[in-house]
Amino acid sequence: MKPLFIPVILGTPRQGRMSEAVARFMFGEVSNREGVQTELIDIRAIPCPTADAGDAIKDQGFAASVARADALVIVAPEYNHGYPGMMLKHVLDTCLKEYIHKAVGICGVSAGGFGGTRVIQNLLPVMRELGLVTIFWDGNFSNVQDIFDSTGNLLDQAYVKRTDKFLKELIWMARVLRYGRENVPLE
Amino acid sequence: MISCPMCGTPMNHHADKLDHGASSAEPHAVDPDLGGVVQETHACPDCGYVLFRKAT
């Protein structure tokens with residue numbers, strides 16, 4: 001069977017971002033899955049002008065990775081109860097056809113105790129309009145400053161089991177949707 | 001049935017997506033009943049190529 005491709009998107013370009021440790025942890029967990037290939041996509045590294053939108057500013061590397069993907073993992077910090085508009089939403093909006101009928105799982109990151117639940121809720125309607133299919137497991141990384149050490153090593157092993165559940169669901173959905181995209185006609 | 005432009009395999013038409021972003025650029029292609037440009041999405045079961053084209 002052709003391996004699944006599930007890139008992890010690090011959704012903030014900010015200096016000192018705590019989400020980077022989460023994204024690297026998720027990247028490692030996806031990498032360990034048999035039959036799954038991955039890539040860490042850093043929003044900071046994507047050249048994306050702000051004076052236009054869509055195809056006019058689409059980064060071909062990002063578009064190619066999403067086109068190849070069977071599912072996405074989005075790691076998004078919660079900023080004032082919302083998602084990072086600069087650049088996560090801007091970059092996501094440059095593609096459309098690449099997303100359709102593909103799975104997505106979201107990891108919310110917060111300094112407080114709610115694990116980014118509000119950023120996840122705010123991203124859900126965006127995912128739907130892009131044509132992505134959301135799973136019902138989320139990654140909720142609360143008090144992120146306390147769950148990784150200064151070099152990015154995970155300190156709270158409960159996240160390994162939680163991530164296992166998240167990825168099992170995401171991989172199942174990715175397989176089902178790939179079969180559907182390739183074999184089940186619209187009518 | 002559309003053949004994949006990359007490998008020639010018959011593609012699967014699995015989605016119709018209303019593309020509001022295309023409406024201003026291509027007003028003539030807007031479906032008046034649906035309020036936007038309908039884009040067909042086709043996937044190649046062999047190489048995975050995705051084809052997006054305006055519905056005809």
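Below is a short write-up of the structure. (Residues numbered from 1 in each chain as written. Chains lettered and ligands numbered in written order. Predicted model: local features only at pLDDT ≥ 70, side-chain atom pairs only at ≥ 80, totals over all residues.)

1. Looking at the overall build of chain B
Argument step 1. Secondary structure assignment for chain B yields 0 helices and 3 strands.
Argument step 2. When the elements of chain B are put in sequence order from the N terminus, they spell out β-β-β.
Argument step 3. In terms of overall dimensions, chain B has C-alpha extents of about 35 × 20 × 15 Å along its principal axes.
Argument step 4. Among the 56 residues that make up chain B, the fraction classed as buried is 23%.
Argument step 5. A separation threshold of at least 6 residues defines the contact pool for chain B, and within that pool the share at least 24 residues apart is 46%. (Helix = DSSP H or I, 4+ residues; strand = E, 2+ residues; numbered from the N terminus. Buried ≥ 20, exposed ≤ 12 C-beta atoms within 10 Å, placed from the backbone. Contact = placed C-beta atoms within 7 Å.)

2. With respect to the environment of Asn140 of chain A
Residues and elements named next belong to chain A.
Argument step 1. Structurally, Asn140 is set in strand 8 (residues 139-141).
Argument step 2. Residue classification places Asn140 among the partly exposed residues on the basis of 19 C-beta atoms within 10 Å.
Argument step 3. For Asn140, the contacting residues outside a window of four places in its chain are Gly108, Gly115, Gly116 and Thr117.

3. What to know about the interface of chain B and chain A
Argument step 1. On the side of chain A, 16 residues touch chain B, which itself brings 15 residues to the contact.
Argument step 2. When contributions to the side of chain B that touches chain A are tallied by element, the ones reaching two or more residues are strand 1 (12-19), strand 2 (37-43) and strand 3 (50-54) of chain B.
Argument step 3. Residue contributions to the side of chain B that touches chain A peak at 7 residues, all from strand 1 of chain B.
Argument step 4. Here the residues of the side of chain B that touches chain A are counted per class, giving 5 nonpolar, 7 polar and 3 charged. (Nonpolar A, V, L, I, M, F, W, Y, C, P; charged D, E, K, R; others polar.)

4. Observations concerning the sheet that holds strand 2 of chain B
Argument step 1. Here 3 strands make up an open sheet; going across it, the order is 1-2-3 (chain B) and the pairing antiparallel. In this open sheet, the two strands that pair with only one neighbour each are strand 1 and strand 3 of chain B. Each neighbouring strand pair of the sheet contributes to a mean axis angle of 25°, computed without reference to strand direction.
Argument step 2. Both strand 1 of chain B and strand 2 of chain B contribute to a ladder of 7 bridges, which runs antiparallel. Bridge pairing in strand 2 of chain B links Asn12 of chain B to Ala43 of chain B.
Argument step 3. Helix 6 (residues 158-183) of chain A contacts strand 1 and strand 2 of chain B of the sheet and is inclined by roughly 100° relative to strand 1 of chain B. (Pairing = 2+ DSSP bridges. Axes fitted to C-alpha atoms, helices over the stretch in contact; angles between N-to-C directions.)

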